[in-house]
Amino acid sequence: MSLQKDKKLNYLFSLLPEGVAVPSQWLLEQGYSRQLVRKYVQSNWLVPLGRAVYARPEVAVKWQGLVLGMQHVAQLPFHVGAVSALNLQGYSHYLPLGGKQVVSLWGGGRVPAWVKAVSLPEQLAFKTVHLFDESVSDVGITPIPSTVRDWAIQVSSPERAILELLYSVDDAHGFKHALELFEGLTALRPKVVNKLLQHCRNIKVKRLFLLMMEQFSYSWTKRIDIESVELGSGKRVVVKGGKLNKKYGVTVPEHFDD
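Keep in mind that this is a model prediction, so the values were computed, not measured. (Residues numbered from 1 in each chain as written. Predicted model: local features only at pLDDT ≥ 70, side-chain atom pairs only at ≥ 80, totals over all residues. Heavy atoms only, no water.)

(A) The overall build of the chain, seen in detail. What the chain contains, in helices and strands, is ten helices and ten strands. For the chain, the spread of C-alpha atoms along the principal axes amounts to about 70 × 35 × 30 Å. Of all 258 residues assigned to the chain, the portion counted as buried reaches 48%. Residue pairs at least 24 apart in sequence account for 65% of intrachain contacts in the chain once pairs closer than 6 positions are excluded. Here the chain has roughly 13300 Å² of accessible surface; of this, 50% comes from carbon and sulfur atoms. Averaging the locations of the 31 positively and 22 negatively charged side chains of the chain gives two centres separated by 8 Å. (Helix = DSSP H or I, 4+ residues; strand = E, 2+ residues; numbered from the N terminus. Buried < 20%, exposed > 50% of the residue type's maximum accessible area, 1.4 Å probe, protein only. Contact = heavy atoms within 4.5 Å. Areas by Shrake-Rupley, 256 points an atom, 1.4 Å probe, with all protein chains shown as cover. Lys, Arg positive; Asp, Glu negative; His and termini not counted. Charge placed at Lys NZ, Arg CZ, Asp CG, Glu CD.)

(B) Spotlight on the environment of Gly69. Tracing the backbone shows Gly69 in helix 4 (residues 63–73). In the structure, Gly69 is positioned 86 residues away from Val155 in sequence and 14 Å away in space, judged by C-alpha atoms. For Gly69, the contacting residues outside a window of four places in its chain are Val20, Ala21, Ala74 and Trp114.

(C) Helix 8 (residues 172–183), seen in detail. Over its twelve residues, helix 8 extends 17 Å from the first C-alpha to the last, a length consistent with the 16 Å expected when each residue adds 1.5 Å. Where the residues of helix 8 are buried, they touch helix 5 (82–88), helix 7 (158–167), helix 10 (203–213) and strand 10 (250–252). Two or three places before His173, at the start of helix 8, stands the capping residue Asp171, its side-chain oxygen 3.3 Å from that residue's backbone nitrogen. (Expected span 1.5 Å × (residues − 1). Polar contact = N/O pair within 3.5 Å; in protein donor to acceptor, adjacent residues only side chain to side chain.)

(D) Local environment of the sheet that holds strand 3 (residues 53–55). Taken in spatial order, the three strands of this open sheet run 1-3-2, and their pairing is antiparallel. At either end of the open sheet lies a strand with only one pairing partner, and these are strand 1 (22–23) and strand 2 (47–50). In terms of strand pairing, strand 1 meets strand 3 through two bridges, oriented antiparallel. Within strand 3, the position partnered with Val22 by the bridge is Tyr54. (Pairing = 2+ DSSP bridges.)

(E) How the structure looks around the packing of helix 7 against helix 10. At a minimum axis separation of 9 Å, helix 7 and helix 10 run at an interaxial angle of 115 degrees. Considering only the axes of helix 7 and helix 10, their crossing is right-handed. From helix 7, Ile162, Leu163, Leu166 and Tyr167 reach across to helix 10, where they touch Lys204, Val205, Leu208, Phe209 and Met212. Within the contact of helix 7 with helix 10, the residues separate by chemical class into eight nonpolar, no polar and one charged. (Axes fitted to C-alpha atoms, helices over the stretch in contact; angles between N-to-C directions. Left-handed = near helix turned anticlockwise from the far one by under 90°. Nonpolar A, V, L, I, M, F, W, Y, C, P; charged D, E, K, R; others polar.)

(F) Summary view of helix 1 (residues 7–15). All buried positions along helix 1 are accounted for by Leu9, Leu12 and Phe13. Considered in projection along helix 1, the buried side chains sweep an arc of 95 degrees and stay on one side of the axis. The elements touched by buried residues of helix 1 are helix 2 (24–29) and helix 3 (34–42). Two to three positions downstream of the cap, the backbone nitrogen of Lys8 sits 3.2 Å from a side-chain oxygen, assigning the N-cap of helix 1 to Asp6. (Arc of directions from axis to C-beta.)

(G) Spatial organisation of the packing of helix 7 against helix 8. Two elements in contact, helix 7 and helix 8, have axes separated by 10 Å at closest approach and are oriented at 170 degrees. The pairing of helix 7 with helix 8 is recorded here as roughly antiparallel in orientation. Contacts between helix 7 and helix 8 pair Ile162, Leu165 and Leu166 from the former with Ala178, Leu181 and Phe182 from the latter. (Parallel < 35°, antiparallel > 145°, perpendicular 65-115°, else oblique.)

(H) Molecular detail of the packing of aromatic side chains. A complete count under the given rule lists ten aromatic pairs for this structure. A centroid spacing of 5.4 Å and a plane angle of 80 degrees characterise the contact between Phe78 and Phe126, whose relative ring orientation is edge-to-face. Residue Phe78 is located in strand 4 (residues 78–80), and its partner Phe126 is located in strand 6 (residues 123–127); the two are separated by 48 residues in the primary sequence. On the accessibility criterion, Phe78 (4% relative accessible area) is buried. The exposure class assigned to Phe126 is partly exposed, which follows from its relative accessible area of 27%. (Phe/Tyr/Trp six-rings, centres within 6.5 Å; stacked < 30°, edge-to-face > 60°.)

Structure representation (structure tokens):
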């Protein structure tokens, strides 16, 4: 097959960048029948990455290529969040033990089978928790450049990412790591923080945020409207066997200075 002579293939390549994974349903919606896709696979113009998911053969698909396919092509409501979002924006360089990169993806709805079918050198960790009210579903979501054409990846801003990170804090190690990351958040936007705190559905997350915020004297911390944040009642066990912070009613590591 001559690439120059196949206008339909040329058009597909104009739509689909190298290194991006796309579902077969999208190809069908663009006018590429299953028979034609099979022909492109046989001619090595497309490669199957798993059941009902394809990419161009020139570049191996990594996590960014799969996420770009999810966001730009399939229009799935997932964004890069928590520590992964902080990593991408230069606030953290955290890798779990063993060195394999874990990419945290936050969003609603189920994860499609074609996404799960793609084998990656990285591990995708999906969080389908509704941490915030629907009214702020787009607050604190920001595009950052990718390595693919002019396509951007949707990620949590630092204000949203730290709240997402706090959701998973459940021991002394996680508490210490979150506090270390918090120390680097010297220039958060008070308007965004206030809106997210007011519409956050998780009491533990809000209490931990305010507790950690008090440890630092950054200019933005003075503009947080604490009185408007609903903190609920009762205690929250964050660190088992830890001591109780009486002001916010959460257990913290024994060595933490109130």
